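Structural overview
So you can see what is in the structure, the chains are spelled out below.
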Amino acid sequence: MSSTAAGDEVGPGPRTRVRRLPERARYDRATVEAVLDEGFVCHLGFCVDGEPVVIPTGYARVGDVIYVHGAPANYALRRAVEGDSVCLTVTLVDGLVLARSAFHHSINYRSVVVFGVAHEVEDWEEKRLALAAFVDHVVPGRNAGTRPPSEAELRATRVVKVEIMEASAKVRTGGPKDEPEDLGLGGIWAGELPFRVVAGSPIADGSAPVTAPVPPYVASYRRPGVEGEGRPPA
Ligand SMILES: Cc1cc2nc3c(=O)[nH]c(=O)nc-3n(C[C@H](O)[C@H](O)[C@H](O)COP(=O)(O)OP(=O)(O)OC[C@H]3O[C@@H](n4cnc5c(N)ncnc54)[C@H](O)[C@@H]3O)c2cc1C
């Protein structure tokens with residue numbers, strides 16, 4: 001993801017210029033990285049024999065690289081690295097927007113679309129670092145508290161990195177954008193229903209004794225950028 005002369009702008013590139021509602025576009029590195037860091041599920045799209053394939057999968061961002069992983073036999077990852085480029089998207093849903101008209105109902109969101117090239121990670125040390133980053137991306141602080149992967153487990157894991165070539169973010173905020181003539185329809189509730197990712201109460205594994213207390217990063221789990229309590233009141 002190359003920055004422009006302006007410094008922190010990472011686009012737009014030829015594929016990432018937002019045409020529809022361009023006022024919602026963001027190309028600053030901070031916005032793009034914040035969305036990538038708050039999410040942990042992406043949709044990875046690529047072509048196989050001319051047919052589009054999109055798979056949902058976890059990921060971790062390290063600098064200008066996004067790591068995904070799977071089993072060595074993972075068909076999607078193998079074909080992704082064989083292709084010329086991939087498209088990876090991340091979506092954060094921030095709320096439902098209920099307008100007076102059915103037509104103007106909407107969703108508040110922050111999303112990122114990246115185009116890049118996928119490469120197999122062959123280097124053993126990079127593989128270790130990528131998998132550690134993966135664990136910490138999903139559960140910040142977790143990697144240090146786990147048994148590291150064995151050589152056999154590393155061999156049993158295919159790690160693919162997507163080098164980000166271009167990226168765009170798109171952000172919708174605010175309430176409904178009703179037609180002026182509908183604003184008098186006071187009998188129809190209109191407004192925004194905010195959403196945020198909230199963890200439930202931790203459940204210790206019952207298959208063997210767990211003597212360790214619930215770690216703080218589990219007890220107060222929240223995604224980066226998500227404010228407020230980590231879980232709803234009991
Ligand atoms: C949760 C959610 C729900 C949505 N629901 C709808 C819906 O119901 N109907 C609808 O029409 N649109 C919806 N959108 C918006 C949708 O993602 C597209 O932006 C929109 O459909 C315009 O598509 P386009 O191909 O004309 O975009 P264009 O503006 O032509 O796309 C050009 C380039 O802009 C960038 N871009 C486009 N959209 C996004 C995006 N969302 N995030 C980051 N970069 C982007 C990409 O790099 C893309 O290659 C939704 C988005 C989200 C996140």
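Rules used in this analysis
- Counting restarts for each chain: residues are numbered from 1 in the order of the written sequence.
- Reporting of local features is limited, given that this is a predicted model, to residues whose pLDDT is at least 70; pairs of side-chain atoms are given and counted only at 80 or more, and all residues count toward the totals for whole chains, interfaces and linings.
- Helix and strand assignments come from DSSP, with helices taken as H or I runs of at least 4 residues and strands as E runs of at least 2, each series counted from the N terminus.
- By definition, residue pairs are in contact when their C-beta atoms, positioned from the backbone, come within 7 Å.
- The predictor reports its confidence for every residue as pLDDT, a score running from 0 up to 100.
- Near residues are defined by distance alone, with the backbone-placed C-beta atom required to lie within 6 Å of the molecule or strand.
- Following the grouping adopted for this structure description, the nonpolar residues are Ala, Val, Leu, Ile, Met, Phe, Trp, Tyr, Cys and Pro, the charged ones are Asp, Glu, Lys and Arg, and the polar ones are all others, Gly among them.
- Strands are treated as partners if at least two bridges between them are detected by DSSP.

Regarding the overall build of the protein
Regarding its fold elements, the protein presents 5 helices and 9 strands. Along the chain direction, N to C, the helices and strands of the protein fall in the order β-α-β-β-β-β-α-β-β-α-α-β-β-α. Projecting the C-alpha coordinates of the protein onto the three principal axes gives extents of approximately 65 × 50 × 35 Å. The contacts in the protein between residues at least 6 apart in sequence include a share of 72% that link residues at least 24 apart.

A word on the confidence of the model for the protein
A residue-level look at the protein finds 94% of positions with pLDDT of 70 or above and a mean pLDDT of 92. Ranking the helices and strands of the protein by mean pLDDT puts strand S9 (residues 191-194) first, with 98, and helix H2 (residues 75-82) last, with 89. Note that residues 230-234 has pLDDT below 50 and, in this model, 10 contacts with residues that lie over four places away or in other chains.

Comments concerning the site of the ligand
Near the ligand you find 16 residues, and of these Thr 16, Arg 19, Arg 20, Ser 111 and Lys 170 are the closest. Elements that contribute at least two residues to the shell around the ligand include exactly strand S6 (86-98), strand S7 (106-120) and strand S8 (158-172). The biggest single contributor to the shell around the ligand is S7, with 5 residues. Residues of the shell around the ligand, tallied by class, amount to 7 nonpolar, 4 polar and 5 charged.

Re the pairing of strand S2 (residues 41-48)
Bridge count between S2 and strand S3 (residues 51-58): 8 bridges; the pairing is antiparallel. Paired with Leu 44 across the two strands is Ile 55, which belongs to S3. Linking two consecutive strands that pair antiparallel, namely S2 and S3, is a turn of 2 residues; a positive phi of about 50° is found at Asp 49 within it. In terms of strand pairing, S2 meets S6 through 3 bridges, oriented antiparallel. Paired with Gly 45 across the bridge in S6 is Cys 87.

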